[in-house]
Amino acid sequence: MEMYIPSEYEVIRDDKKCNVCRVCERQCANAVHSYDAKLGKMLADSAKCVNCHRCVCLCPTHALKIVKSDDIYKADANWTAQTINEVYKQANSGGVLLSSMGNPQPLPVFWDKILVNASQVTNPPIDPLREPMETQLYLGKRRTKAERDVNGRLKDTLAPQLRLNMPILFSAMSYGSISYNAHESLARAAEELGIYYNTGEGGLHKDFYKYGKNTIVQVASGRFGVFKEYLESAAAIEIKMGQGAKPGIGGHLPGAKITEDVSLTRMIPRGVDAISPAPHHDIYSIEDLRQLVYSLKEATEYKKPILVKIAAVHNVAAIASGIARSGADIIAIDGCRGGTGAAPTRIRDNVGIPIELALAEVDQRLREEGIRDEVSLIAGGSVRSSSDVVKAIALGADACYIGTAALLALGCHLCRSCHQGNCNWGIATQKPELVKRLDPDVGAQRLVNLLTAWNHEIQEMMGGMGINSIEALRGNRLMLRGVGLTDTELKILGIKYAGESL
Amino acid sequence: MRIDAAEMDFQKLNERIRQSRVQEIKIAGCIGQRYIAAGLSGRDITIQGTPGNALGAYLSGGRILVDGNVQEATGDTMNGGEIIVKGSAGDATGYAMRGGEIFIYGDAGYRCGIHMKAYKENSPSIVIGGRAGSFLGEYQAGGTIVVLGKDSQSTIVGNFCGTGMHGGEMYLRCDDLKAKLPAQVKAEKLASLPQGKARSLVERWCELFGENKDKYFHASYYRLTPNSENPYKQMYTAN
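For clarity, every value in this text was computed on a predicted model and none was experimentally measured.

Draft legend 1. Spotlight on the overall build of chain A. Scanning chain A from terminus to terminus reveals 16 helices and 21 strands. For 502 residues, the compact-globule estimate of 2.2 N^0.38 gives 23 Å, and chain A sits close to it at 24 Å. Taken over the C-alpha atoms alone, chain A extends approximately 90 × 60 × 45 Å along its principal axes.

See the structure below:
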């Protein structure tokens, strides 16, 4: 018996507005819409709808809307419709539930319980329109020994650094999980903005080597597409130990998504599953991690910073302390609300901790141990706005990774169906007819728009606090106050309650 | 060029190798220096002594000959070239190799050849003269692994051989494969080593280490390949 699962959404068409142009039918890769010649009308099969809003956005007469279906099971606060349907799906198939994008569960969002300070009277705000307001920063190891040459001049012993025009980078999204056009949009925007995008673990397409100085390449457990030119082409190399959406497990790109081009980039045969093991099987300790860090440094002659990306988990501070001692230049921490192209639902929704708490713990621990300057910190895992960025920096981050926000800029409507490979917005798909819907010119421009706006907002908020350099905001937790937080939460975040003075 | 590596720091040693324009390099008195020849190509390096971990990581070409044992992670993420080890190798040898060849005269440790993969003209190979530890060829996606059991053919591989294997092939020289194989792996017994890549690898191994080809050609082997029923396909249900 295959249990019928009622559709979650209902496609509502206003027949008075619909002029049967059939755009919706052409745009929907899930084949929701169809034309009934006998009736001379458009029909919709809501059961197939993933609620990506492509048809709604492109309907020239605005005749469409998607609503939550009012077909309901008997109300039950414990056994919600979602929970019941998941049981049915697994009883039907025997499969592990697979989801995409970030955790949709109502976990606390600490960003929304943190408020930012502003100057009044005694320490005047700064107007970013009139005064220089520095959001440029460098990522890398700060600590260095002062050494002099024979003539007594200071030698340059500073470790390699990444220069960013604003404290934001595009987080790792592999070619395979997202499309060629999405990658090109990210790469071009990173170049124009003076920031970086990240290849993820899928290798680097040969067309994108020209964006190398704005590219961070990833080395993950599957080591897909990792070879000398790949490492050399990049501005920095990221070792992926974990990902916020799926801590503790690897990746699995199904063979169907390994098209000719993806196969070429990952350097694996077409149509064969690409499996990234959960651990790097050559890394079972900090010492082993140090070995991978240094083998990469040796292979690239110590010219590039090495990042280590981990998921935010319970002992994240101790782990970060180990990474800071492994020789890594930058630590990226990915919180449990971070996105993914595919992850088992149970892992995505139940494993890991929020980035706000992880970041605060890590920064505090590294400071206490006197090794904060050994590394830069990048925070990711649902940084949704410029104010999240400002709060993250005040909690101790040097910069933030954004993934979901960047995809939204490209058109994503967070239907969380990336794992099905039918992205109507041309982002999380490899189907040529869908990929071409995303124009890289438009995509890059939208990303530039978004981050230019964010950068203005960051400057305004900094100015309001009387801070004119992003580096003076880093770890400046006195600029933050909490509301609706428990004593434990305040202690972990290292901030005072709103209304508490110094 | 000859480099006396005794008491030399690994960074200094590797910098000297990188900066030297000479193709042939002899390293004497090697004592655990790591990352030798990482990412290099086109060199012919002979090492006396014992190199440290990650020898020839990301190696793109050329040849490394070690007159002794090697430690862990030899040829990690190697893309091309040849590493010849006259002794035994440690754990994680040939991890995620994409190309090139590793020939080991003696035994290899745990986790050898994990996630080896092949693509177009690149197909990596590891030949282990003795026995291999557990987890040999886990997640193997391509390439060839040969274990010859030259001294003893009983239990020439450890536990969890080929877990998650989804490409490539393994040849294990023994009469009775005692190892318990996972469901993803198919094993067939061969009366002798067939013509093809495995045979030419064994031939090369015999030439390198002065062993008798007949002994290794005419022996029974188990050939391990992924089970064509892909066990992953049915694993997920869209949510």
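Having seen the model, we can carry on.
Draft legend 2. Layout of the environment of Gly381 of chain A. Residues and elements named next belong to chain A. As for its placement among the helices and strands, Gly381 is situated in the loop between strand S18 (376-380) and helix H11 (386-395). Judged by C-beta crowding, with 31 C-beta atoms within 10 Å, Gly381 ranks as buried. The sequence separation of Gly381 and Ile353 amounts to 28 residues, and the corresponding C-alpha distance is 9.9 Å. Residue contacts for Gly381: discarding those within four places in its chain leaves Gly244, Ala312, Asp334, Gly335, Cys336, Arg337, Gly338 and Ile355.

Draft legend 3. Inspection of the sheet that holds strand S12 (residues 236-240) of chain A at higher detail. Strand order in the open sheet formed by 8 strands is S9-S19-S18-S16-S15-S12-S11-S10 (chain A), and the pairing between neighbours is parallel. Of all the strands in the sheet, the pair left with one neighbour each is strand S9 (168-170) and strand S10 (197-198) of chain A.

Draft legend 4. Broad picture of helix H3 (residues 81-93) of chain A. Over its 13 residues, H3 of chain A extends 18 Å from the first C-alpha to the last, a length consistent with the 18 Å expected when each residue adds 1.5 Å. Looking one or two places after H3 of chain A, you find Gly94 of chain A, whose phi comes out positive at around 75 degrees.

Draft legend 5. Expanded view of the interface of chain B and chain A. On the side of chain A, 34 residues touch chain B, which itself brings 38 residues to the contact. A per-element tally of the side of chain B that touches chain A places strand S12 (residues 236-238) of chain B first, with 3 residues. Taken together, the 3 bridges between strand S5 (residues 96-99) of chain A and S12 of chain B define a ladder with parallel strand orientation. In the strand pairing of S12 of chain B, Leu98 of chain A is matched with Ala238 of chain B.

Draft legend 6. Inspection of the nonpolar core at higher detail. Residue and element names in this part refer to chain A. Ile331, Ile333 and Cys400 are the most contacted members of the largest nonpolar core, which has 222 residues in total. Both domains that meet at this core, namely domain 1 (9-95) and domain 2 (114-142 + 166-472), each give it at least three residues. If we ignore the near neighbours within four places in the chain, the residues touching Ile333 are Ile310, Ala312, Val316, Ile355, Ala358, Leu359, Val362, Leu377 and Ala379.

Draft legend 7. Geometry of the environment of Glu207 of chain B. Mapped onto the fold, Glu207 of chain B is located in helix H2 (residues 197-209). Accessibility expressed as a C-beta count within 10 Å gives 11 for Glu207 of chain B, which makes it exposed.

Draft legend 8. Quick peek at the pairing of strand S2 (residues 33-36) of chain A. Residues and elements named next belong to chain A. Of the strand pairs in this sheet, S2 and strand S3 (residues 41-44) are connected by 4 bridges, and their pairing is antiparallel. Considered in S3, the bridge of His33 is made with Ala44. Remark: 4 residues form the turn of the hairpin made by S2 and S3, two consecutive strands paired antiparallel; Gly40 in that turn has positive phi of roughly 65 degrees.

Draft legend 9. Spatial organisation of the pairing of strand S16 (residues 330-334) of chain A. All names here are of chain A. Of all 5 residues in S16, 5 are buried; the element is thus mostly enclosed. Where burial is concerned, the two faces of S16 agree: the one with Ile330, Ala332 and Asp334 and the one with Ile331 and Ile333 are both buried. Two strands pair when backbone bridges link them, and strand S15 (residues 306-311) and S16 are joined in this way by 5 bridges, in the parallel orientation. Following the sheet pairing, Ile310 is matched in S16 by Ile333. The handedness of the S15 to S16 crossover, carried by helix H8 (residues 316-324), is right-handed. Strand direction decides the pairing type here: S16 and S18, joined by 5 bridges, are parallel.

Draft legend 10. Structural detail: the domain arrangement of chain A. Residue and element names in this part refer to chain A. Per the domain assignment, the segments making up chain A are domain 1 (9-95) and domain 2 (114-142 + 166-472). Inter-centroid distance (C-alpha atoms) of domain 1 to domain 2 is 33 Å. Each partner contributes to the interface: domain 1 provides 9 residues, whereas domain 2 provides 7 residues. Residue composition of the side of domain 1 that touches domain 2, grouped by class: 4 nonpolar, 4 polar and 1 charged.

Draft legend 11. Structural detail: the sheet that holds S12 of chain B. Strands sit in the order S17(A)-S5(A)-S12(B) across an open sheet of 3 strands; the sheet is mixed. Taken across any chain shown, the strands that pair with only one partner, and hence form the sheet edges, are strand S17 (343-344) of chain A together with S12 of chain B. Relative to S17 of chain A, S5 of chain A runs antiparallel, the two sharing 2 bridges. By the bridge assignment for S17 of chain A, Ser99 of chain A is matched with Ala343 of chain A.

Draft legend 12. Structural view of helix H4 (residues 180-193) of chain A. Residue and element names in this part refer to chain A. Relative to the 20 Å expected for 14 residues at 1.5 Å per residue, H4 spans 20 Å between its end C-alpha atoms, a close match to the ideal helical length. Counting buried positions along H4 yields 12 of 14 residues, so the element is predominantly enclosed. Once H4 finishes, Gly194 follows within two positions and takes phi at roughly 70 degrees, a positive value.

Cut-offs and rules
Every chain's residues receive numbers from 1 upward, in the order its sequence appears when written. For this description, chains carry letters from A and ligands carry numbers from 1, given in the order in which they are written. Thresholds applied to this predicted model are a pLDDT of at least 70 for local features of residues and 80 or more for the giving and counting of side-chain atom pairs; totals over whole chains, interfaces and linings are not thresholded and use all residues. The secondary structure listing takes helices from DSSP runs of H or I that are at least 4 residues long and strands from runs of E that are at least 2 residues long, numbered from the N terminus. Taken over C-alpha atoms, the radius of gyration is set against a globule rule of 2.2 Å times the number of residues to the power 0.38. Exposure is read from a count of other C-beta atoms within 10 Å of each residue's own; the residue is exposed at 12 or fewer, buried at 20 or more and partly exposed in between. C-beta atoms are placed from the backbone. By the convention adopted here, residues are in contact when the distance between their C-beta atoms, placed from the backbone, does not exceed 7 Å. At least two DSSP bridges between two strands are required for those strands to pair. Expected span of a helix, by definition, is 1.5 Å for each gap between consecutive residues, and there is one gap fewer than residues. Core membership is restricted to buried Ala, Val, Leu, Ile, Met, Phe, Trp, Tyr and Cys residues, and these are joined into a nonpolar core through C-beta atoms within 7 Å. Domain extents, as shown, originate in an automatic or database domain assignment. Orient the strands so they point away from the viewer; a crossover is then right-handed if the path from the first strand over the helix to the second runs clockwise. Think of it as three bins: nonpolar holds Ala, Val, Leu, Ile, Met, Phe, Trp, Tyr, Cys and Pro, charged holds Asp, Glu, Lys and Arg, and polar takes everything else, Gly as well.

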